[in-house]
There are 2 protein chains.
Amino acid sequence: MMRTYTIGELGRLTETKVETVRYYERVGLLPHPPRSSGNYRVYDDAHLGRLGFIRRARELGFSLDQVRELLDLAGQTTRSCEEVDEIVQAHVTDIERRIHDLQTLRQELTQLLAQCQHGKVAECRIIGALQPYADRPMAG
Amino acid sequence: MMRTYTIGELGRLTETKVETVRYYERVGLLPHPPRSSGNYRVYDDAHLGRLGFIRRARELGFSLDQVRELLDLAGQTTRSCEEVDEIVQAHVTDIERRIHDLQTLRQELTQLLAQCQHGKVAECRIIGALQPYADRPMAG
DNA sequence: TCTTGACCCTGTAATGACTACAGGGTGGAT
DNA sequence: ATCCACCCTGTAGTCATTACAGGGTCAAGA
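Residues numbered from 1 in each chain as written. Chains lettered and ligands numbered in written order. Predicted model: local features only at pLDDT ≥ 70, side-chain atom pairs only at ≥ 80, totals over all residues. Heavy atoms only, no water.

Asks: Which residues make up the relation of the copies chain B and chain A, and what values go with them?
Replies: With an axial shift of 0.0 Å and an RMSD of 0.1 Å, the rotation relating chain B to chain A amounts to 180°. Read as a symmetry element, the transformation amounts to a two-fold axis. Scanning chain B for the C-alpha nearest the rotation axis identifies I99 of chain B, at a separation of 2.8 Å. Interface overlap between copies is the fraction of interface residues in one copy that are interface residues in the other; for chain B against chain A it reaches 100%, indicating a shared surface. (Least-squares fit on C-alpha atoms with pLDDT ≥ 70 in both. Contact = heavy atoms within 4.5 Å.)

Asks: Tell me about the packing of helix α3 (residues 45-59) of chain A against helix α4 (residues 64-75) of chain A, and please be specific about residues and values.
Replies: All names here are of chain A. Closest axis-to-axis distance for the α3/α4 pair is 10 Å, and the angle between their directions is 135°. Accordingly, the angle class assigned to the pair α3 and α4 is oblique. Our pair here, α3 against α4, has a crossing hand that is right-handed. Residues R50, F53, I54, A57 and R58 of α3 pack against L64, V67, L70, L71 and A74 of α4. A class-by-class count of the residues in the contact of α3 with α4 yields eight nonpolar, no polar and two charged. (Axes fitted to C-alpha atoms, helices over the stretch in contact; angles between N-to-C directions. Helix = DSSP H or I, 4+ residues; strand = E, 2+ residues; numbered from the N terminus. Parallel < 35°, antiparallel > 145°, perpendicular 65-115°, else oblique. Left-handed = near helix turned anticlockwise from the far one by under 90°. Nonpolar A, V, L, I, M, F, W, Y, C, P; charged D, E, K, R; others polar.)

Asks: So what's going on with the interface of chain B and chain A? Which residues, and what values?
Replies: Between chain B and chain A, the residue contacts involve 66 residues of the former and 66 residues of the latter. Interface area, chain B with chain A, both sides summed: about 5,700 Å², of which 75% is carbon and sulfur. Summed over the shared surface of chain B and chain A, the number is four salt bridges. Among the ionic pairs, E108 of chain B bridges to R56 of chain A, the shortest N-O distance being 3.0 Å. Taken together, the connections running from chain B to chain A amount to ten residue pairs in polar contact (both at pLDDT 80 or more). With 19 residues, helix α5 (residues 82-115) of chain B is the single largest residue contributor to the side of chain B that touches chain A. Of the residues belonging to the side of chain B that touches chain A, the class tally is 37 nonpolar, 17 polar and twelve charged. (Buried area = accessible area lost by both parts, 1.4 Å probe. Salt bridge = Lys/Arg side-chain N within 4 Å of Asp/Glu carboxyl O. Polar contact = N/O pair within 3.5 Å; in protein donor to acceptor, adjacent residues only side chain to side chain.)

Listed below in structure tokens is the structure:
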């Protein structure tokens, strides 16, 4: 009494475009499902679970390679979850670095905006700040 | 008495890979420079200035399309710098959204890490939290 | 003069993670 | 019979580079 799903149903259930489901299959994240007589892909609950896992991990910002590792580890149920922890920890560190970079960027841009006197481009401090060789002409 | 540069010199001065300089030319961000007798690209200070502008704007996170707009506006010196302001402001808003998204993500992941009991994968809360259909089997 | 070696040239393909067709077949309802 | 929504494969596009492969150029040293 196993429920089956077409690729469209699977997509709706996991908020994944049909093309993306096929893409995951192509790159080996989803197993090749059996086919119907009309050559349609036939999915079951195991596929639904696996695709759900992938999408949730992607939402959390993991790369497909990281997702691959996590899926692999998730299958080895008796193993210590140390490596899972490491992957997540590394990802948090990466996210923190990106937050920091973006904050630096925002500050630079905000300072540029504060300097703008809303005059003509010729005197614009923003444009000026973008020109590291302001004494030279600029090609166009 | 105009200084000229080879593509390699230009790259060193602006911390740009040679391939990237050629790429900017291909997509129309840099004008086609004149060529030497041996078919080498010959750049001058105007090119240096323009490439510097591009690289600085890229460092500040502007897309190449935004850089194109900024370069275009920078050339229209008598125009009001309102549009420059708008582009930068839109970019700041975008960056703020990204910072916010990343902060949300970091919090979710930090919570996952806090729940990890460092046991076996079978009981791992992290893996569990990634499985939206935890009652179902998972294909592999 | 010859030969290194560093540089330059073009053109094409790869990266990540999809997305968007084109051109066709299937399935169920009317 | 016909319609439409859905499915199929295969290929190419996105963004901003980067990485070759397979050649040509140029200045210096032996």
